[in-house]
Amino acid sequence: DGRLTFYPGNQTVALPFINFLKKYGTIFLNAYTNSPICCPSRAAMWSGLFPHLTESWNNFKGLDPGYVTWMDLMQKHGYHTQKYGKLDYTSGHHSVSNRVEAWTRDVDFLLRQEGRPTVNLTGSKTRMRVMEADWQNTDKAVNWIKEEAINFTQPFVLYLGLNLPHPYPSPSTGENFGSSTFLTSPYWLEKVTYEAIKIPRWSSLLEMHPVDYYSSYTKNCTGEFTKQEVRNIRAFYYAMCAETDAMLGEIISALRDTGLLKRTVIIFTADHGELAMEHRQFYKMSMYEGSSHVPLLVMGPGIKQQQQISNVVSLVDIYPTMLDIARIPVPQNLSGYSLMPLLLEVAENEVSSRRPRPPWVLSEFHGCNVNSSTYMLRTDKWKYITYSDGHSVLPQLFDLSADPDELKNVAMKFPVVAHSLDKILHSIVNYPKVSSSVQEYNKRQFINWKQSLGQNYSNVIANLRWHQDWLKEPKKYEDAIDKWL
């Protein structure tokens, strides 16, 4: 959650290396994902293009395997390149459940797709390495800096992708599990100030926006939760963020130890946030701040120190920024804009061809846990969210300056604002047409998958992540799918 890196992060959890980047670099206060789920978000970051342009519709559908990323271009221009850890931007990954849940989101049924969010404390007060795979990848990156990067005569670019902070798999939920367990050790939990944890306000189930209700239900969050349960989930999430911060610290220390720190640009960001029980949800897949607002901090030679930038920016800006840093000509067809004009201490002579940055960012979502394609336009203080064709589901409008917790939908109160933002959105993307394309894609993919299973179809679909609900009335749910088809 990007807000943790400036507010209220300084109150709830110690993030010393994020603070180091803030002190010696620049922080973006309004950075957003272009799609609040792993694969489509990363596809946008690696391609510099919005999801509707790459057709990255869900966690199974990202970029084509041979897509030319910014790192490929940097390698072509003489950079030493290295990638460690989670990449997840190409098509074909994630579980069968994940795909089928995305494809069937227009089916008229409600099924829980995730385990109920819960916490799990492991190890002792001395256990630092909880997410072992991430630590191993961090170690690889540190060794690469100390043993390889230090000897290069040409510049290098190193990417380290972490899983944390991300809920862990919950085996009780079936095939490939849902990931609904917030897991940490006492070592990291001690970094959290429990008294500072804000318990989010919830609308009643009856007052919820219909898409929010669907999301909360599929995420297994419509039941009763005590304040202590909610506080614990949030505390464990913050503890997982502290562990992530420590991995960032390992990279900073390795650069400092090798004398490379003063000559290296460091960028810290995320593919999406975590709702951590805000709006009666955990996980992502939502345009609310906890899910869509990401951290973005940049530090390095020539970059302003202790600068806070309030311009709205998004992950598609990473592609042109990387090319700008490397002095590689930036293609004109990108959805993003270089961040360098905002970051540099001394403004370079503006190239006349540089496009002016627009006063908005776009995020869109077409995957599971949400029963409609969703589009978000964020401007100075407004957040406009519309669904599907723009008519069949009511839009939402939030004034983030007056209502940072996004509890009051003012779309009806300010129809002129909603209409003007919708007009801007239409000028960027023909979203009713995109929504229709996604619906056709979902149906086509589902039919192909169903046919590939033959006689096994009924058994396989009944035993996906939603098996606990499905198996109570399998015929009812199969009939609902037949009706949809």
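As the structure is a computational prediction, the values presented were derived from the model and not from experiment. (Residues numbered from 1 in each chain as written. Predicted model: local features only at pLDDT ≥ 70, side-chain atom pairs only at ≥ 80, totals over all residues. Heavy atoms only, no water.)

Chemist: Kindly report on the sheet that holds strand β14 (residues 396-399), identifying the contributing residues and their values.
Modeler: Read across the open sheet, the four strands follow the order β11-β12-β13-β14; overall the sheet is antiparallel. Across the chains shown, the open sheet's two edge strands, defined by having one partner strand only, are β11 (361-365) and β14. The mean inter-strand angle of the sheet, taken between neighbouring strand axes irrespective of direction, is 15 degrees. Note that strand β12 (residues 374-378) and strand β13 (residues 382-387) share five bridges and pair antiparallel. Across the sheet, residue T374 finds its bridge partner in β13, namely Y387. Contacts from helix α14 (residues 415-428) reach β11, β12, β13 and β14 within the one sheet, and its direction differs from that of β13 by about 65 degrees. (Pairing = 2+ DSSP bridges. Helix = DSSP H or I, 4+ residues; strand = E, 2+ residues; numbered from the N terminus. Axes fitted to C-alpha atoms, helices over the stretch in contact; angles between N-to-C directions. Contact = heavy atoms within 4.5 Å.)

Chemist: Residues and numbers for the packing of helix α15 (residues 431-453) against helix α18 (residues 474-484), please.
Modeler: Contact geometry for α15 and α18: axes closest at 11 Å, N-to-C directions at 125 degrees. Comparing their axes, α18 and α15 come out oblique. For the element pair α15 and α18, the recorded crossing hand is left-handed. Between α15 and α18, the residues in contact are N442, K443, F446 and K450 and I481, D482 and W484, respectively. Taken together, the residues of the contact of α15 with α18 break down into three nonpolar, one polar and three charged. (Parallel < 35°, antiparallel > 145°, perpendicular 65-115°, else oblique. Left-handed = near helix turned anticlockwise from the far one by under 90°. Nonpolar A, V, L, I, M, F, W, Y, C, P; charged D, E, K, R; others polar.)

Chemist: Run through the nonpolar core, naming residues and quoting values.
Modeler: By size, the foremost hydrophobic cluster in this structure holds 76 residues, and its most contacted members are L21 and L255. Sorting elements by how many residues they give to this core places helix α10 (residues 227-257) first, with 17 residues. Here L255 is in contact with I145, F156, L260, L261, T264 and I266, once residues within four sequence places are set aside. One finds W360, Y375, A418 and V429 within the second-largest nonpolar core, a separate group that totals 42 residues. (Core = buried A, V, L, I, M, F, W, Y, C linked by side-chain atoms within 4.5 Å. Buried < 20%, exposed > 50% of the residue type's maximum accessible area, 1.4 Å probe, protein only.)

Chemist: Outline the domain arrangement of the protein, listing residues and values.
Modeler: Under the domain assignment, the protein is made up of domain 1 (16-360) and domain 2 (448-484). For domain 1 and domain 2, the distance between their C-alpha centroids amounts to 33 Å. Summed over both sides, the interface between domain 1 and domain 2 buries roughly 1700 Å², with carbon and sulfur atoms accounting for 62% of that surface. Applying the counting criterion to the domain 1 and domain 2 interface returns three salt bridges. The salt bridge involving R112 is made with D469; its shortest N-O contact spans 2.6 Å. Joining domain 1 to domain 2, the criterion identifies five residue pairs in polar contact (both at pLDDT 80 or more). Ranked by residues supplied to the side of domain 1 that touches domain 2, first place goes to helix α6 (residues 96-103) with six residues. (Domains from an automatic or database assignment. Buried area = accessible area lost by both parts, 1.4 Å probe. Salt bridge = Lys/Arg side-chain N within 4 Å of Asp/Glu carboxyl O. Polar contact = N/O pair within 3.5 Å; in protein donor to acceptor, adjacent residues only side chain to side chain.)

Chemist: I'd like a rundown of the sheet that holds strand β5 (residues 168-170), residues and numbers included.
Modeler: Pairing in this open sheet of three strands is mixed, and the strands run β3-β6-β5 from one edge to the other. Of all the strands in the sheet, just β3 (118-121) and β5 have a single pairing partner and so form its edges. Within the sheet, the average angular offset between the axes of one strand and its neighbour, ignoring direction, is 50 degrees. In the sheet, β3 pairs with strand β6 (residues 178-184) via four bridges, with the strands oriented parallel.

Chemist: Give a description of the packing of aromatic side chains that names residues and reports values.
Modeler: If you walk through the whole model with that rule in mind, you get 25 aromatic pairs. Aromatic pair F182 and F282: ring centres 6.2 Å apart, planes at 70 degrees, arrangement edge-to-face. Here F182 is found in strand β6, whereas its partner F282 is found in the loop between β7 (266-269) and α11 (289-292), with 100 residues between them in sequence. Both residues of the pair, F182 and F282, belong to the buried class. Plain terms: the ring middles of F446 and W449 are 5.6 Å apart, the flat faces sit at 50 degrees to each other, and that makes the pair tilted. One end of the pair is F446 and the other is W449, both in helix α15 and three residues apart, which spans about a single turn. Linked through ring pairs, W46, W70, Y89 and Y159 together constitute an aromatic cluster. Taking the ring centre of Y187 as reference, the NZ or CZ of K191 above it sits at 4.8 Å. (Phe/Tyr/Trp six-rings, centres within 6.5 Å; stacked < 30°, edge-to-face > 60°. Lys NZ or Arg CZ within 6 Å of the ring centre and 35° of its normal.)

Chemist: Could you give me a rundown of the pattern of salt bridges, with the residues and numbers involved?
Modeler: Two side chains of opposite charge can pair, provided their charged atoms sit close to one another. Evaluated as defined, the whole model comprises 20 salt bridges. In this structure, the salt-bridge partner of D317 is R357, at a minimum N-O distance of 3.1 Å. Here the residue D317 occupies a position in the loop between β10 (307-314) and α12 (318-325), and R357 occupies one in the loop between α13 (340-343) and β11, the gap between them amounting to 40 residues. We classify D317 as buried; its relative accessible area is 2%. A salt bridge links E406 to K383; the nearest nitrogen and oxygen atoms lie 2.7 Å apart.

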